[in-house]
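Structure at a glance
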Amino acid sequence: KEETGLNGTFEKILCIRQAHMGSSKSDMFFVCLVRLHESYLHDVLNNGKEIELRPQEEEILMASWMDVEDYAMQKVWQGSPLYK
């Protein structure tokens, strides 16, 4: 179970990024491929229902479903060397 309350199956790590933030700190960022557990296909998606997201309040301010194109076109990603 991950931070939005969904059950998933971990497949693999897609990329890792490390950034140094000053002399004593660094930030590591992992992008992982996690697929929805197959039970969602039978119980929810095949019946035309949307899967409810329940963000873990300690970890996530907001969660929503969005098309990958809409995600990629956000201003925060435009011009970033990480996403070229």
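Residues numbered from 1 in each chain as written. Predicted model: local features only at pLDDT ≥ 70, side-chain atom pairs only at ≥ 80, totals over all residues. Heavy atoms only, no water.

Should the sulfur atoms of two cysteines be covalently bonded, the bond is a disulfide. Summed over all chains, the structure comprises zero disulfides. Counting only cysteine sulfurs, C32 is the nearest neighbor of C15, a cysteine outside any disulfide, at a range of 8.7 Å. The exposure class of C32 is partly exposed, given its relative accessible area of 36%. (Disulfide = S-S within 2.5 Å. Buried < 20%, exposed > 50% of the residue type's maximum accessible area, 1.4 Å probe, protein only.)

Attention now goes to the pairing of strand 2 (residues 26-36). As paired elements, strand 1 (residues 8-20) and strand 2 share 11 bridges and run antiparallel to each other. Pairing of F10 across the sheet is with V34, part of strand 2. Counting the residues that bridge the hairpin from strand 1 to strand 2 gives five residues, and of these G22 lies at a positive phi of roughly 85 degrees. (Pairing = 2+ DSSP bridges. Helix = DSSP H or I, 4+ residues; strand = E, 2+ residues; numbered from the N terminus.)

The next thing to look at is the environment of I13. With respect to the secondary-structure elements, I13 resides in strand 1. Each C-alpha atom, one on I13 and one on L45, is 26 Å from the other, the two residues being 32 residues apart in sequence. With near-sequence residues (within four places) excluded, I13 lies in contact with F30, V31 and C32. (Contact = heavy atoms within 4.5 Å.)

Now for a nonpolar patch on the surface. On the surface, F10, I13, I16, M28, F30 and V34 cluster together to form a nonpolar patch covering roughly 590 Å² of accessible area. Relative to the helices and strands, F10 resides in strand 1. (Patch = residues over 30% accessible without salt bridge, like charges linked within 9 Å, V, L, I, M, F, W, Y side chains within 5 Å. Areas by Shrake-Rupley, 256 points an atom, 1.4 Å probe, with all protein chains shown as cover. Salt bridge = Lys/Arg side-chain N within 4 Å of Asp/Glu carboxyl O.)

The subject of this paragraph is the pattern of salt bridges. Following the criterion strictly, the structure yields three salt bridges and no others. The partner of E11 in a salt bridge is R35, and the shortest N-O contact between them spans 2.9 Å. Taken together, the residues E11 in strand 1 and R35 in strand 2 connect sequence positions 24 residues apart. Note on E11: relative accessible area 41%, which makes it partly exposed.

Counting residues in hydrophobic clusters, the biggest one holds five residues: L6, Y40, V44, I51 and L53. Once residues within four sequence positions are removed from consideration, I51 is found in contact with L6, L36, Y40, V44, L45 and W65. (Core = buried A, V, L, I, M, F, W, Y, C linked by side-chain atoms within 4.5 Å.)

This part covers the confidence of the model for the chain. This prediction gives the chain a mean pLDDT of 81; 95% of its residues lie at or above 70. Across the chain, element-level confidence peaks in strand 1 with a mean pLDDT of 87 and bottoms out in helix 1 (residues 39-43) with 76. (pLDDT = per-residue confidence, 0-100.)

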